[in-house]
Amino acid sequence: MENTQNEPRPDPPASVTAAVCSWTVLGGLMVVLGFLQLPVFIWTIALSAVALAVVLGAVKLRAGFRGPRYGLSLVAVAMALTAMSSFTYPDRDPVNAALVLLVAVGGAVATVLLWLPATNRYLRDVRRSR
């Protein structure tokens, strides 16, 4: 077996960079959504905590950790369910509903980027170089 400890860490491919940027923007949008829900203070706190976890997951993904892919994928599922439920309320603010839909669609795109072959190859190469 070869000693791969001295190999330099590979540069992240475009799919990883796009996923990190997407998840960071989505984290920011979650904070905006939290402040739109300001009368319900617990939603502001919850969305801010999730947004922080999303941004930290994106940073760890860029560093080559595999775990954030699973966590961010679960967050994307939760965002999709939230988007579906947001249209069941007829008195929902249209701007808020549009932001929820934007976050859900962005989460779906960012999740696809997490599982592309280039991303898999990058995470595998980073793991070998450790």
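For the structure, see preceding data.
What you see is a predicted model, and the numbers here were worked out from it, not measured in a lab.

Novice: Please set out the packing of aromatic side chains residue by residue, giving values where relevant.
Specialist: Under the defined criterion, the tally for this structure stands at one aromatic pair. Across the ring face of W115, the terminal group of R69 is positioned such that the distance to the ring centre comes to 4.0 Å.

Novice: Please give an account of the packing of helix α1 (residues 14-36) against helix α4 (residues 94-114) that cites residues and values.
Specialist: Here α1 crosses α4 at 160°, and the two axes come no closer than 9 Å. Between α1 and α4, the angle falls in the class roughly antiparallel. Our pair here, α1 against α4, has a crossing hand that is left-handed. Facing α1, whose interface residues are S15, A18, A19, S22, W23, L26, L29, M30, V32, L33 and L36, α4 presents N96, L99, V100, L102, V103, G106, G107, A110, T111, L113 and L114. Here the residues of the contact of α1 with α4 are counted per class, giving 16 nonpolar, six polar and no charged.

Novice: Residues and numbers for the nonpolar core, please.
Specialist: Core analysis: the largest hydrophobic core is formed by 27 residues, its most contacted members being W23, L26, M30, M79 and V103. Where this core is concerned, the elements lending two or more residues are α1, α2 (41-62), α3 (67-86), α4 and α5 (117-129). In terms of residue count, α1 provides more of this core than any other element does, eight residues in total. What V103 contacts, discounting residues up to four positions off in sequence, is L26, L29, M30, L33 and M79.

Novice: Give a detailed account of α5, specifying residues and quantitative values.
Specialist: The first and last C-alpha atoms of α5 sit 18 Å apart over 13 residues, in line with the 18 Å expected at 1.5 Å per residue. As for α5, its buried residues are in contact with α1, α2, α3 and α4.

Novice: So what about the environment of L33? Which residues, and what values?
Specialist: In this structure, L33 sits in helix α1. When the C-alpha atoms of L33 and A78 are compared, they prove to be 15 Å apart, with 45 residues separating the residues in sequence. Contact partners of L33, with chain neighbours within four places excluded, come to L47, N96, L99, V100 and V103.

Novice: If you had to explain the packing of α1 against α3 to someone new, which residues and values would you point to?
Specialist: Where α1 contacts α3, the two axes come as close as 13 Å, and the packing angle between them is 45°. When the axes of α1 and α3 are compared, the pair comes out oblique. Handedness of the α1/α3 crossing: left-handed. Taking contact as the criterion, the partners of W23, L26 and M30 in α1 are, on α3, L72, V75, A76 and M79. In terms of residue class, the contact of α1 with α3 is made up of seven nonpolar, no polar and no charged.

Cut-offs and rules
- Along each chain, the written sequence defines residue order, and numbers are assigned to residues from 1.
- Where totals are concerned, whole chains, interfaces and linings use all residues; where local detail is concerned, this predicted model gives features only for residues with pLDDT of at least 70, and gives and counts side-chain atom pairs only at 80 or more.
- Water and hydrogen atoms were dropped before computing side-chain values, which therefore reflect all heavy atoms in the structure.
- Any Phe, Tyr or Trp ring, taking Trp's six-membered ring, that has another such ring centre within 6.5 Å forms a pair; planes under 30 degrees apart are called stacked, those over 60 apart edge-to-face, and the others tilted.
- Distance and angle both matter: a charge sits over a ring if NZ of Lys or CZ of Arg is within 6 Å of the ring centre and within 35 degrees of the ring normal.
- Convention adopted: a line fitted to C-alpha atoms gives each axis, helices being fitted over their contacting stretch, and angles between N-to-C directions are expressed from 0 to 180 degrees.
- Helix and strand labels come from DSSP, where a helix needs a run of H or I of at least four residues and a strand needs a run of E of at least two; each type is numbered from the N terminus.
- An angle below 35 degrees is read as roughly parallel, one above 145 as roughly antiparallel, one from 65 to 115 as roughly perpendicular, and any other as oblique.
- The crossing is said to be left-handed when, going from far helix to near helix, the turn is anticlockwise and less than a right angle, and right-handed when the turn is clockwise.
- Contacts were defined at the residue level, with two residues in contact if any of their heavy atoms lie within 4.5 Å.
- In this classification, the charged set is Asp, Glu, Lys and Arg, the nonpolar set is Ala, Val, Leu, Ile, Met, Phe, Trp, Tyr, Cys and Pro, and all remaining amino acids, among them Gly, are polar.
- The set of buried Ala, Val, Leu, Ile, Met, Phe, Trp, Tyr and Cys residues whose side-chain atoms join them within 4.5 Å is what this entry labels a nonpolar core.
- Relative accessibility thresholds used throughout: buried, under 20% of the residue-type maximum; exposed, over 50%; partly exposed, between the two (1.4 Å probe, protein chains only).
- For a helix, the expected span equals 1.5 Å multiplied by the number of residues minus one.

Shape is all these values report; function is a separate question.
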